[in-house]
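Observations on chain architecture
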Amino acid sequence: MNSLKHNDEGFTGLEAAIVLIAFVVVAAVFSYVVLGAGFFTTQKAQETVHTGVAQATSALEPSGPVSVKGGSSANVSNISFYLQLAAGNNPVDITKVGYTVSTDRMIKTVQGTDPAVNIFWLKVISAGNLLEPREMVLIDLNADTMGFDASTMTTNDRLSVEIKPPIGAALPITRTLPAALNSGIWYDVY
């Protein structure tokens, strides 16, 4: 009668092994999903940091003095300054850069293709309108064409030029105009 007795002691080890394998497989799949999500999140965070740095820093920087040319009635007829790429930045299409010129009495904004903006390339490495590393441009803004006159930009005024590249932060330049402006004479302003 002992041989007819149901004995399942041998099956408990096999069942335990199957359950253990099932737990290991489920844990492996779960860890794969968690690691994949973690890597994806890390990559997105890295992209966000790089984009944030690119947006927070300006792609352009001034190089050299800011100069103004005296107009016929003690006003400013031209504003000129040099621009180059900031270290480590990608080339910038100089015709897509915006310029906002302001005083206490007036504010005007123009794009790089506006007739008031004259672009003079000082060192050209590549063709086209891209400002690349080791290149420099002289930007000459015609204040008369923009609508500034003796009542809106004259002696001792505070002059601000904000340079807005297509990508990156705006670059502000603020200067005080000299106490005297003679017609046709260039002045470096500080």
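Preceding block: the structure.
Here's a quick rundown of the structure.

**Structural notes on the pattern of salt bridges**
Within the structure shown, the criterion is met by three salt bridges. Put simply, E162 and K164 hold a salt bridge, and the shortest N to O gap is 3.7 Å.

**A short note on the sheet that holds strand β8 (residues 136-142)**
The strand order across the open sheet formed by five strands is β6-β8-β2-β1-β11, and the pairing between neighbours is antiparallel. Because the sheet does not close on itself, it has two edges, and the strands there are β6 (117-123) and β11 (186-189). In this sheet, adjacent strand axes meet at a mean angle of 25 degrees when their direction is disregarded. Of the strand pairs in this sheet, strand β2 (residues 76-85) and β8 are connected by six bridges, and their pairing is antiparallel. For Y82, the partnering residue across the bridge sits in β8 and is L138.

**Observations concerning unusual backbone geometry**
The phi dihedral of A74 falls on the positive side, at around 55 degrees, and the residue is not glycine. Examined against the element boundaries, A74 turns out to sit in the loop between β1 (60-70) and β2. Taking relative accessible area as the criterion, A74 reaches 32% and is therefore assigned partly exposed. Of note, N156 is a non-glycine position whose phi angle comes to about 65 degrees, a positive value. Looking at the secondary structure, you find N156 in the loop between α2 (143-146) and β9 (158-164). Among the residues examined, N156 registers a relative accessible area of 52% and is labelled exposed.

**Focus: the sheet that holds strand β5 (residues 107-111)**
Read from one edge of the open sheet, four strands run β5-β4-β9-β10, paired in antiparallel fashion. In this open sheet, the two edge strands, each paired with only one partner strand, are β5 and β10 (171-176). Taking the axes of each pair of neighbouring strands and ignoring which way they run, one obtains an average angle of 15 degrees across the sheet. When β9 meets β10, the two strands line up antiparallel, connected through six bridges. By the bridge assignment, V161 is partnered in β10 with I173.

What counts and how
- Residues numbered from 1 in each chain as written.
- Predicted model: local features only at pLDDT ≥ 70, side-chain atom pairs only at ≥ 80, totals over all residues.
- Heavy atoms only, no water.
- Salt bridge = Lys/Arg side-chain N within 4 Å of Asp/Glu carboxyl O.
- Pairing = 2+ DSSP bridges.
- Helix = DSSP H or I, 4+ residues; strand = E, 2+ residues; numbered from the N terminus.
- Axes fitted to C-alpha atoms, helices over the stretch in contact; angles between N-to-C directions.
- Buried < 20%, exposed > 50% of the residue type's maximum accessible area, 1.4 Å probe, protein only.

Read these as spatial facts, not as claims about activity.
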